Amino acid sequence: MAESTVNRAQRLREQANDPSFENVWQELRWRGLVHVSTDEAALEEALAGEPISYYCGFDPTAASLHLGHLVQLLLMRRLQLAGHRPVALVGGATGLIGDPRQTSERVLNTRETVAAWVDSLRAQIEPYLSFEEDNAATMVNNLEWTSQLSALDFLREVGKNFRVGTMVKKEIVAKRLHSEEGISYTEFSYQVLQGNDFLELYRRHGVRLQSGGSDQWGNLTSGTELIRKVEGAHVHALGTPLITNADGTKFGKSEGNAVWLNPEMCSPYAFYQFWLNTADADVVSRLKVFTFLTRAEIEEYERKVSEEPFRREAQKRLAWEVTALAHGEDATQKVIDASAAVFGGGDLSTVDGETLAAVLSELPQADPAQWQGEAGTATAVELLVSTGLASSTSEARRTIKAGGASVNNVRMTDAEQRFGAADALAGRYLLVRRGKKNMAGADLTAR
C-alpha cells in the first residue's frame, strides 16, 4: 500500500500554513504545539525573520515511527513551509543506547538491528519533508561523527563541558536515580551524546533550533548549553506537549501498543479506525495538531461537534486527513470502501485481499479446530459455532433456518452447505454475519 512518489510530491505541494496568522510561531501556539521553549520572544523573532536551520532527532529503537514522532514530523513541515531549513537526524549512534525511559533500562539492540532500523526510519521520514525546494530538507545520521570519537576524545572534548550536578537534576534521570533499578552510566550519558549532536549540527549546518517532546527537555537543553559554552552562541530549543486524551490517558496507545506509521505494523485500516474513534472532547485538538486544515475550517468543525456530535463529521475528516497523510489517498479510500462493504453489506468482491485481511482481523475470528471434513472447508453450522456467533449446533441451525445468517453478505439457506476456497474472498476469507451487527472472520487457510 505504498504511496507513489508522484502522489507524495503532490501532497507536499498542496500543504500550506494558515495565512490568517501573523507568523508561524503564532500558528504553532494556536495549534497547541508549544509547551516549553528557550527565550520565547527571541525564538518568535528568529522564526519570523530570515530562514534558519533546525533539527529534530529520531532514534531507531524500533522498526517504525509512531504517533509521537508524527507530531514532530508535522512540526518540521510547518517550519519548512514558513521558509526554514529542516535537518532530520536519525540516531544511528544514540539508537545503540536509547534515551532513558521513565521506568527501566532499555535492552540494547545489536548493531545490525539498529542499522536496519535506521534505513526503515529514513524511508518513513522522507515523505513528510521536501528535499527539492530552496530550503530542501537534509537527512543525517549521528553515527557519522560519533563513531569518529574515541572514548578519550569524547570525555576531553565533550564531557568536560557537562556538570554532574546539573545532569542528575534532569527530570527523567532524577526519577530513575530514585527508582529501585537506578540508571546505568550508559543511559546517564545519553544527554551528553544528544548535546554533542546539536553542537555538530550547529557547526556543520548552522542549526539554531532543536525540537522534541517536552519529556526530552533535559536532552534538548543539554545541546543549547553546550553550544553556549563551546561556541559562545545562543541557540534555541522547543518542546511540544505530550499529547494526552481528555481523560488523562496516554495518547496513541491501544492495549499497550503504539500506533505505528509502518503499514506492516499497523494496517491503514487499523490506523484509520484509531482516528475515527477519537472522542468528541479530543477531536478538535487533534485536528489542530495532525492536519493542515485552516483555523476557520477547524472552528467550523468545532461548531459541528458542539451542535451535531452524532454526525461525527470532525472524526471522519480527521481520519481521512491523517490516514491520507500517512498512507496516501488511494489506501485511505480503499479502507473506507472496504468498511462500507463489510459493515454496510455491500459488494465484498471489490475489496482487495490485503485490505480485506486488515478489516477482518479486527473482528472475532473462527476457530478452525472446530471444523470437520476436508481441510480448508467448513459448513455453515461450523462457521457460526466456531466464530462464537452461535453457542451450539442447534442454535446455529435455527438461525440459518430463520434466514438470520450470511457468509460474505449472501444469506445462508442450507445448514450443511460447505464453504471452501471457491466461495471465499481472495481465495481464503469469509465474512460470517448473524443479524446486522454481529460479525466475525474466518480464514480457510488457517486450518
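Values in this document were obtained by computation on a predicted structure and should not be read as measured data.

**Q** Residue-level account of the packing of helix 13 (residues 268-276) against helix 16 (residues 313-327), with values.
**A** The interhelical angle for the contact between helix 13 and helix 16, taken along N-to-C directions, is 145°, at an axis separation of 8 Å. Seen along the crossing, helix 13 lies across helix 16 with a hand that is right-handed. Of the residues in helix 16, those touching helix 13 at P268, F271, Y272, W275 and L276 are Q315, K316, L318, A319, W320, V322, T323, A326 and H327. Of the residues belonging to the contact of helix 13 with helix 16, the class tally is ten nonpolar, three polar and one charged.

**Q** Break down the pairing of strand 14 (residues 438-443) for me, citing the residues and quoting the values.
**A** Extensive coverage of strand 14 is indicated by the burial of five of its six residues. In the sheet, strand 13 (residues 429-434) pairs with strand 14 via six bridges, with the strands oriented antiparallel. Paired with R434 across the two strands is N438, which belongs to strand 14. Turn length for the strand 13-strand 14 hairpin, with the two strands adjacent in sequence and antiparallel, is three residues, and the turn residue G435 shows positive phi of about 70°.

**Q** Outline the layout of surface pockets, listing residues and values.
**A** Considered as a void within the structure, the second largest pocket measures approximately 430 Å³ in volume. Forming the boundary of the second largest pocket are 17 residues, of which R11, E14, Q15, E321 and E329 lie nearest the centre. At the level of elements, helix 1 (5-14) and helix 16 are the ones that each hand at least two residues to the lining of the second largest pocket. Across the lining of the second largest pocket, the residue classes break down as seven nonpolar, five polar and five charged.

**Q** Go over helix 17 (residues 329-344) with me, naming the residues and quoting the values.
**A** Taking 1.5 Å per residue as the helical rise, helix 17 with its 16 residues ought to reach 22 Å, and the 21 Å between its terminal C-alpha atoms agrees with that figure. Residues A331, T332, V335, A338, S339, A341 and V342 constitute the buried set of helix 17. Note on helix 17: the residue one or two positions beyond its end, G345, has a positive phi of about 75°.

**Q** Pulling in residues and values, what's your account of the sheet that holds strand 4 (residues 138-141)?
**A** Taken together, the six strands give an open sheet; going across it, the order is 1-6-5-2-3-4, and neighbouring strands pair in mixed fashion. Every interior strand has two partners, whereas the edge strands, strand 1 (36-37) and strand 4, have only one. Across six bridges, strand 2 (residues 53-58) lies against strand 3 (residues 85-90) in parallel orientation. Residue pairing in the sheet places S53 in a bridge with R85 of strand 3.

**Q** Could you give an account of the packing of helix 17 against helix 18 (residues 353-361), naming the residues involved and the relevant values?
**A** Direction vectors running N to C along helix 17 and helix 18 enclose 60°, while the axes themselves pass 10 Å from each other. Between helix 17 and helix 18, the crossing angle belongs to the class labelled oblique. Between helix 17 and helix 18 lies a crossing of right-handed hand. For the pair formed by helix 17 and helix 18, the contact residues are K334, V335, A338, V342 and F343 on the first element and T355, L356 and V359 on the second. Considered class by class, the residues forming the contact of helix 17 with helix 18 number six nonpolar, one polar and one charged.

**Q** Let's hear about the packing of aromatic side chains: which residues, and what values?
**A** In the structure shown here, the tally under the stated rule is eight aromatic pairs. An angle of 55° between the planes, with centres 5.9 Å apart, marks the rings of F251 and W275 as tilted. Remark: W275 occurs in helix 13 and F251 occurs in the loop between strand 6 (236-240) and strand 7 (253-254); sequence separation between them is 24 residues. Residue W275 is classed as buried on the basis of its relative accessible area of 0%. Consider the rings of F274 and W275, whose centres lie 5.2 Å apart with planes at 85°: the pair is edge-to-face. Among the aromatic residues, those joined into a ring-pair cluster are F251, F271, F274, W275 and F290.

**Q** Explain the side chain of R433 to me, and be specific about the residues and the numbers.
**A** Mapped onto the elements, R433 comes out in strand 13. The side chain of R433 sits in the buried core without any salt bridge; D347 is the nearest counter-charge, 11 Å away. Engagement of the side chain of R433 in a polar contact is seen with the side chain of N409, the distance being 2.7 Å. Beyond its immediate stretch of four places on either side in the chain, R433 contacts V342, F343, G345, L389, G404, A405, S406, N409, N438 and M439.

**Q** Quick one: what's the story with the pattern of salt bridges, residue by residue and with numbers?
**A** This structure, assessed with the given rule, holds 20 salt bridges. For R311, the salt bridge identified is with E308, shortest N-O distance 3.4 Å. Its relative accessible area of 41% is what places R311 among the partly exposed residues. Here R397 ties to E416 by a salt bridge, and the two come within 2.5 Å at their closest N and O atoms. With R397 in helix 20 (residues 393-401) and E416 in the loop between strand 11 (410-411) and strand 12 (418-419), the pair connects residues that are 19 residues apart, well separated along the chain. Taking relative accessible area as the criterion, E416 reaches 44% and is therefore assigned partly exposed.

Thresholds, definitions, all that
Residues numbered from 1 in each chain as written. Predicted model: local features only at pLDDT ≥ 70, side-chain atom pairs only at ≥ 80, totals over all residues. Heavy atoms only, no water. Axes fitted to C-alpha atoms, helices over the stretch in contact; angles between N-to-C directions. Helix = DSSP H or I, 4+ residues; strand = E, 2+ residues; numbered from the N terminus. Left-handed = near helix turned anticlockwise from the far one by under 90°. Contact = heavy atoms within 4.5 Å. Nonpolar A, V, L, I, M, F, W, Y, C, P; charged D, E, K, R; others polar. Buried < 20%, exposed > 50% of the residue type's maximum accessible area, 1.4 Å probe, protein only. Pairing = 2+ DSSP bridges. 1 Å grid on protein atoms, 1.4 Å probe; cavity = no way out; pocket = protein on both sides within 12 Å on 5 of 7 lines; lining within 4 Å. Points joined across faces, edges and corners; volume = space filled by probe spheres on them. Expected span 1.5 Å × (residues − 1). Parallel < 35°, antiparallel > 145°, perpendicular 65-115°, else oblique. Phe/Tyr/Trp six-rings, centres within 6.5 Å; stacked < 30°, edge-to-face > 60°. Lys, Arg positive; Asp, Glu negative; His and termini not counted. Salt bridge = Lys/Arg side-chain N within 4 Å of Asp/Glu carboxyl O. Polar contact = N/O pair within 3.5 Å; in protein donor to acceptor, adjacent residues only side chain to side chain.

Function cannot be read off these values alone, since they describe shape.
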